[in-house]
Amino acid sequence: MAERTSKTQGASRKPAAGKAVKGGQKKNRKKRKKLTAMAVFGWAFVAAVLAAICAMGVYIFVIINGNMILQQNMNKLDLDEVTHIYDAAGNEVGMLYADAVRENVESEEIPQLLKNAFIATEDKRFNEHQGIDLLGIGRALVKDIIARKMVEGGSTITQQLAKNLFLNADKTFFRKATEMSIAVALEDQLSKEEILELYLNRIYFGNGAYGIKAASKVYFNQPDLNRLELWQMATLAAMPKAPNRYNPINNPELSLERRGVVLRLMADQGYITEEQRAAAAAVEYVAPPKTEKADKGRNQTYIDYVLREAQERYGLEEDDLLRKGYQIYTTIDLNAQKILEETYKNDNFFQKDGPEQKMQSSMVILNNEDGGIVAMIGGRDYVVRGLNRAADPRAARQPGSAFKPLIAYAPAIEKNNLNPYSMLPDERRTYNGYSPRNYDGVYRGQVTMMEAVRKSINAPAVYLLNEIGLGTAKSFVGKLGIELDPNDNNLAIALGGLTKGVTPLQMAQAYTAFPNNGKMQTAHAITKIVDSSGATVHTYKPPEQPEAMSPKTAWYMTQLMRSVVEPGGTGAKARFERPVAGKTGSTQETIKGLEKYNRDLWFVGYTPEWTAAVWMGFEKPDAKHYVNMSSGAPAAIFKEVMQKSLAGKPVTQFERPKGVPDVTAPPKGISDLKAEYTDRSVRLAWSSVGHNITYQLYRKDGGAAEFPSEPLLSTTTNEARDISVMPGQTYDYAVVPVNPNNGLAGQRSNTASVEIPAAEDEQQNPLDPLDPLQPGDGEDGDGEADSDRPDDGEDRGTGGEDGSEGDRNDRPGRQAGSGDTDGVGTDHGDTDSGTRTNGSGGQGSGRPGGSSGSGDISDGHTGSGTGTNGGGVQGSVRPGGSSGAGGTSGGRTGTSETNGGRSGAGAGTAAPGGAASGGDAADESPGGDLPADDGAN
């Protein structure tokens, strides 16, 4: 046992090598850990000291730098850097500058509640910080990091004053640091009251108002700030964040919403009670009467539009544009702008002023090549920063029929492959309770698209919109830059009945797609902006625009709208000595008793070079102010301005796009169709509309609603006869001219109605017209008078030698034919005798009662003779030959027809009870010896 113990002890004295190393590592690790913690603490202490030194240095730099900038620029309050505006050639158009609408006010004149409204809204820790709100900066920094750019200001009132006085509006870290240094310096040298006074006197409130007192006068016509009500104070405090957006004149709804935010902040911070907040939030703003004098300078509308575009499209602040000395280059044509303004000073173009309002109007012209705004006027009495009725969405009005090309005709051509001469129904229809009516109350049955557009007929436009669908149409106008309201989900939009309406600028922009082969040009005024150092900071880049319509659709629309300015079109007053296309529009007055008058008048038109839109109407229509002019009034303004503005420029033509087939006009319509019942048939006649035209005759029973789809007959002559009528019936007839070379059909004619008398005694009609081969009785062959035939003369058939009928002026192309003296030849010869010159029969033979006074009582409907352009052969003597024996056969000369003629039947058959009758030999020919209508049965 002892020996074992000894070994064990020996082993403990000399441990294994591994165990010895492990124990040493543990001791060293503990030692290193202790040293590392000490080192970290030491380095932290050193870093803290260095940070404190750096912070002190930065603070000293901020103080020194801020005070230096402040001292150098403390008096920089004058707005002496004017922004200049130029046209494309570098000619100065005008200037942007802060005008004299500025009035300083002492701190004692500003009520504390008004100051509190700004503090609660802009800087709730204003009275606690020293120019910089670290909490606000931290919050803004987080947002900037998330967005990876400077998006949140985090500025105190003092910082805003620093920026407003000395810096630009660029959101950069360097600018922010400088702003902070100046803010600290301001806090060091000025009291809180002085800073707030400077701030309220310096900030911009929109509409040219600098400072709180000027803003109070502009928006409330109140020069005494102590008389402002709580809601007015909150309205003013709502503006500094975005003066142009939140002022109540420009955007009353947004102003009201922002006012509510300010009032809530004031209530939450204990400045007002909840009752005060609710009462102030509910007040409705009413703008005071304008006290500004109309600006007599040129180009004011255009200058103000440039100011607006620079803000909205390029993100520049209005205050900077008014005081930072930019150079802005535009697309204005100074000559066109001058002519436009001079035209609007001419009262002869406008309706007489009402008792309280004058008629207003606006116009804009765009360059078709690039969409540049050539000229613009916002009203007849436009003032600086006034309501621009040509472009401001607040001035949008319903476009009436000027909207039809965009919402109905162009998308219908695009989708349904129609053309300007496609036939459209012009009928009174009801679509799920909506029953649009034509302005004149006339419905033509059907019209070409050309006629529908030219005369601005309503029914075809609504029909087309219903056919293509609202979704297709709304998508189509969306590609033309016009987004419709969700409530515009009805067929009334085919006639321009929109919820929010459109502006002339929107209409002109949309119409640029027509002269540009279907691609719309984006309207713009600015081409580039140069800052005061000469650096170009913004350049116009046309946005990528998808093709709004195919070149074919655009070309066809131009052909349609060229007809509008031709004589007879609704826009004829817009026509001048250049290619012009366009569309009129008007909206009906809805005031009871004044429905025959208008609320709005429009003309939107274009030449190959420019597109323009004109609107006319009263700003607030009422029983004393309504439009009694026609849509020709804006068309006349269009002509006056465009004709003079384009004078001296080369005349160009609308060019048909490559690969787009042109269309040929169909035959002219017929408006003088006449129908007359005579001789147990209906005779129809109408005026010729040209050579090589086929006329399709349609017939319907008087009680039928529609004409059949297939014609009753076709003929190349301008007359026809319907022998298939039934006694006691009423028939309606219409004729459609057709060009056989291309199949284009003209407009359907007027409707001619005929009432057929009831049937007479059977003895009065021995020859049934439906069975002309019925045999006679073989009597009356001796030439005695036959009293059974109405209008029968004496000695029927005995005067064959000198019974010349003479010319009939009502039957063109006929020569005198021989007939019976004082007999039925006079009454019946108008059907068959004589010579036709173009597809009609040649020299006719004797009418009933041939040689030797045969007792023929045939009704003589079938004409004999030779056709000069149709192949008819010389006809023979009518039934009842030389001996007159049994000559009562009513045999007709043909039994079939081809294209209005009869194919000859050869010799007639023997009539029972008498000698063989002589049949007529007639060739198959159009317009042969029989009128085309007579051969249709």
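Since the model is a prediction, treat every value here as computed from it, not as a measurement.

About the criteria used
- Residue positions are given per chain, counted from 1 along the sequence in the order it is written.
- Local features in this predicted model are restricted to residues of pLDDT 70 or higher, and side-chain atom pairs are both shown and tallied only at a pLDDT of 80 or more, whereas totals for entire chains, interfaces and linings draw on every residue.
- Neither water nor hydrogens contribute to the side-chain values; these are computed over all heavy atoms in the structure.
- What counts as a helix is a DSSP run of H or I of at least four residues, what counts as a strand is a run of E of at least two, and both are numbered from the N terminus.
- Only protein chains enter the calculation, and the probe is 1.4 Å; a residue is then buried if its accessible area is under 20% of its type maximum, exposed if over 50%, and partly exposed in between.
- Only heavy atoms enter the contact rule, under which two residues are in contact if any of them lie within 4.5 Å.
- What sets the accessible areas is the Shrake-Rupley method with a 1.4 Å probe; for residues, cover comes only from the shown protein chains.
- Buried residues of nine kinds, namely Ala, Val, Leu, Ile, Met, Phe, Trp, Tyr and Cys, make up a nonpolar core once their side-chain atoms join them within 4.5 Å.
- Simply put, an axis is a line fit to the C-alpha atoms, just over the touching stretch for a helix, and the angle between two N-to-C directions goes from 0 to 180 degrees.
- Working definition: roughly parallel below 35 degrees, roughly antiparallel above 145 degrees, roughly perpendicular at 65 to 115 degrees, and oblique for all remaining angles.
- Residues are grouped as follows: Ala, Val, Leu, Ile, Met, Phe, Trp, Tyr, Cys and Pro are nonpolar; Asp, Glu, Lys and Arg are charged; all remaining types, including Gly, are polar.
- Two axes enter the bend calculation: one fitted to the seven residues ending at the residue in question, the other to the seven starting there, and the bend is the angle between them.
- One bridge is not enough; two strands pair if DSSP finds at least two bridges between them.
- Stacked, edge-to-face and tilted labels apply to pairs of Phe, Tyr and Trp rings (six-membered ring for Trp) whose centres lie within 6.5 Å, assigned for plane angles under 30 degrees, over 60, and everything in between, in that order.
- Here, over-ring charges are defined by two tests on the NZ atom of lysine or the CZ atom of arginine: distance to the ring centre within 6 Å, and angle to the ring normal within 35 degrees.

A count of helices and strands for the chain gives 23 helices and 21 strands. Put simply, the chain has 937 residues, and 50% of those count as buried. Considering only contacts in the chain between residues 6 or more positions apart, those separated by 24 or more positions represent 67%. Entry remark: accessible area of the chain is about 44,200 Å², with carbon and sulfur atoms responsible for 50%.

For the rest of this paragraph, the subject is the nonpolar core. Of all hydrophobic cores here, the largest spans 91 residues; its most connected members are L406 and M507. One finds A214, A234, A237 and V262 within the second-largest nonpolar core, a separate group that totals 44 residues.

Quick look at the packing of helix α3 (residues 112–122) against helix α7 (residues 192–202) now. Remark: α3 packs on α7, axes separated minimally by 12 Å, with the N-to-C direction vectors making an angle of 90 degrees. Here α3 is positioned roughly perpendicular relative to α7, judged by the angle of their axes. Residues K115, F118, I119 and E122 of α3 pack against E193, L196, Y199 and L200 of α7. Along the lines of polarity and charge, the residues of the contact of α3 with α7 split into five nonpolar, no polar and three charged.

What follows concerns helix α16 (residues 404–416). A turn of α-helix holds 3.6 residues, and therefore any two residues three or four places apart point the same way. At A410, α16 shows its maximal kink, close to 25 degrees; a proline, P411, follows between one and four residues later. For α16, the buried fraction is high: 10 of the 13 residues fall into the buried class. Every buried residue of α16 is accounted for by K404, P405, L406, I407, A408, Y409, A410, P411, A412 and I413.

Our focus in this paragraph is the pairing of strand β1 (residues 83–86). Here four bridges tie β1 to strand β2 (residues 92–96), and the two strands are oriented antiparallel to one another. Its bridge partner being in β2, T83 is matched across the sheet by L96. Linking β1 back to β2 in an antiparallel pair, the connection comprises five residues, with G90 at a positive phi of about 90 degrees. Pairing of β1 with strand β3 (residues 327–330), which is carried by three bridges, proceeds in the parallel orientation. When the sheet's bridge partners are listed, Y86 is paired in β3 with Y329.

This brings us to the packing of aromatic side chains. For the coordinates displayed, the defined rule picks out 15 aromatic pairs. Relative to Y210, the ring of Y204 has its centre 4.6 Å away and its plane inclined at 45 degrees; by these criteria the two rings are tilted. Summarising the burial analysis for this pair, Y204 and Y210 share the class buried. Linked through ring pairs, Y511, F514, Y606 and F654 together constitute an aromatic cluster. Lying over the aromatic face of F126, K192 brings its terminal NZ or CZ to 4.5 Å of the ring centre. In this structure, K700 packs its charged tip against the face of F707, placed 4.9 Å from the ring centre.

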